Structures are given as C-alpha cells and as structure tokens.
Amino acid sequence: MNPSATVLYTDSDFFSPYAMSTFVALTEKGMPFTVKPVDLSLGEQQSQAYGSLSLTLRVPTLVMGSFQLSESSAIEEYLEELHPAHPLYPRDIKQRAKAREIQAWLRSDLLPLRAERPTEVIFSAGKFAPLSADAQRAANKLLTAAQKLLSHGQDHLFHEWCIADTDLALMLNRLVIHGDQVPEPLRHYAQKQWQRPSVQAWLALPEKMRS
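Residues numbered from 1 in each chain as written. Predicted model: local features only at pLDDT ≥ 70, side-chain atom pairs only at ≥ 80, totals over all residues. Heavy atoms only, no water.

The name given to the chain in an unreviewed UniProt entry is Glutathione transferase, with the source organism recorded as Serratia fonticola.

Structure (structure tokens):
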C-alpha cells in the first residue's frame, strides 16, 4: 500500500451509522480515500489481520500510511485537526461542544429505538413491528430533543452544516423512512440532510462496489 494512502474500513453491508458518518466526514474534507469492506457476518473483524489495524476490532477504522485509528468520533476529531479546511464542526467553541454533545448522545443512548429500528430500515427498506413501549419512549426522547435543537427553524443545527447534522438525521430517519409518526419539521430536516452529496455518495456505495 502507498505509505501515504488513506483507507476507510467499513462493514460490507454498508449498514453501520458510524462508518457512514466517517465516510461523510472524509468526503466533506475532500480527501482522496479508498473504501475496504469488512464482512462482519463472517467475523472478519476478529481476524488477526484486522486486529493489526484496529485496536477495538470494530468498524470504521481509518488507515493513513502507518497510522491507524478506530471509533468514528475519534476519527472525525482527528480529521478536523489534520485538515481544518472544509470544517466538520462549528467554528464557535460552544457550538462545537454542543455538536460533540449531540454526537456522543446519539452514539450512547436510545438503545431500544436503535434495536427496533435498525439501520436496515434506512439502507435496505427493512420493515419491523410497531415500537414497544421502551422504544416509543426512546423515540419520544429523540423527537423532543430534536425539536428543541431545531426550534430556530433553520435547515441545520447551527448556522452551517456540521457532521452532527448527518448523525441526527440518520437517527431521525430510522423513524421517518420506516413510516413512524414524526413531526413534519423534523421529517423535512431529516429528508433535506439526506440529500447532501456526501450522504448520497454513501448510499451509492453498494452499487459502486459491485460494479
């Protein structure tokens, strides 16, 4: 491999929200990179070869020459410091902290919703049973928080797009794309974020990788 080459290891189904977030980050930065799928169903992430690249044995993993880094939030913050142009986060320090708060929350909470509306809903039109009481409470928590965050009526969380917009839209789209009840302003926000070229590039990956 070219010692300066950048490789992003993702899941082979392209269902991982964290791999998607990192792919969007790299694309927004305008950095050339190669995607290498890892077949999680076959346990390739547990292999010795992948273990030499990923401390956590998870996707995504970013390899830049001799440097390897896993965990999407760590990768995105590294990319932001490495290439400040085309920022992923707001320039204002408080807004930047809020964006990271949103990302950390979406990655660590709402487990019943994530379990009952997995990303198969988004990426392969999966259909699932009505939400359980626990998942509905998680959905309500998400919707209440999103309404508060977007109460200014703008198209983004802050004055301009940031990576937290993609992450929040993905979580909302677990409900929107499945057809669950979502307030119209949040539905509009999620659908608009989904049209961003970097997101559309991720959605096109399965076909691109097959061709």
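There's plenty left to go through after this.
Participant: Mind showing me how you'd approach the sheet that holds strand β1 (residues 6–11) here?
Facilitator: Note: strands within a sheet are paired through backbone hydrogen bonds, in either parallel or antiparallel orientation. If you trace the 4 strands from one edge of the open sheet to the other, you get β2-β1-β3-β4, paired in mixed fashion. Pairing within the sheet leaves two strands with one partner each, and these edge strands are β2 (34–38) and β4 (67–70). The sheet shows a mean angle of 20° between the axes of neighbouring strands, taken without regard to direction. With 5 bridges connecting them, β1 and β2 associate as parallel partners. Looking across to β2, one finds that Tyr9 is bridged to Lys36. Where helix α1 (residues 17–29) meets the sheet, its contacts fall on β1, β2 and β3 (61–64), and the angle it forms with β1 comes to roughly 155°. (Pairing = 2+ DSSP bridges. Helix = DSSP H or I, 4+ residues; strand = E, 2+ residues; numbered from the N terminus. Axes fitted to C-alpha atoms, helices over the stretch in contact; angles between N-to-C directions. Contact = heavy atoms within 4.5 Å.)

Participant: Which parts of the structure should I look at to understand the nonpolar core?
Facilitator: It is characteristic of soluble globular proteins that their nonpolar side chains tend to be buried jointly. Ranked by size, the top nonpolar core spans 54 residues in total, and within it Leu113, Leu142, Leu168 and Leu172 carry the most contacts. A per-element tally of this core places helix α8 (residues 163–176) first, with 9 residues. Beyond its immediate stretch of four places on either side in the chain, Leu113 contacts Leu131, Ala135, Ala138, Ala139, Leu142, Met171 and Leu175. (Core = buried A, V, L, I, M, F, W, Y, C linked by side-chain atoms within 4.5 Å. Buried < 20%, exposed > 50% of the residue type's maximum accessible area, 1.4 Å probe, protein only.)

Participant: Would you take a moment to explain helix α9 (residues 184–194) for this structure?
Facilitator: One turn of the α-helix equals 3.6 residues, which is why residues spaced by three or four share an orientation. Among the residues of α9, those classed as buried are Leu186, Arg187, Tyr189, Ala190, Gln193 and Trp194. The buried residues of α9 occupy an angular sector of 160° when the element is viewed end-on, so they sit on one face. Those residues of α9 that are exposed and angled more than 90 degrees off the buried face are Glu184 and Pro185. For α9, the elements touching its buried residues are α1, α6 (120–124), α7 (133–149), α8 and α10 (197–203). (Arc of directions from axis to C-beta.)

Participant: Please explain the packing of aromatic side chains as it appears in this structure.
Facilitator: By convention here, two paired aromatic rings are described through the distance between centres and the angle between planes. Tallied over the entire structure, the rule returns 6 aromatic pairs. Between the aromatic rings of Tyr9 and Tyr50, the centroid separation amounts to 5.8 Å while the plane-to-plane angle is 65°, which identifies the pairing as edge-to-face. Here Tyr9 is found in strand β1, whereas its partner Tyr50 is found in helix α2 (residues 48–51), with 41 residues between them in sequence. Since its relative accessible area comes to 4%, Tyr50 is described here as buried. Here the aromatic rings of Phe23 and Phe33 are separated by 5.4 Å at their centres, their planes lie at 75°, and the arrangement is edge-to-face. Separated by 10 residues along the polypeptide, Phe23 in helix α1 and Phe33 in the loop between α1 and β2 bring together distant segments of the chain. A relative accessible area of 21% means that Phe33 is categorised as partly exposed. (Phe/Tyr/Trp six-rings, centres within 6.5 Å; stacked < 30°, edge-to-face > 60°.)

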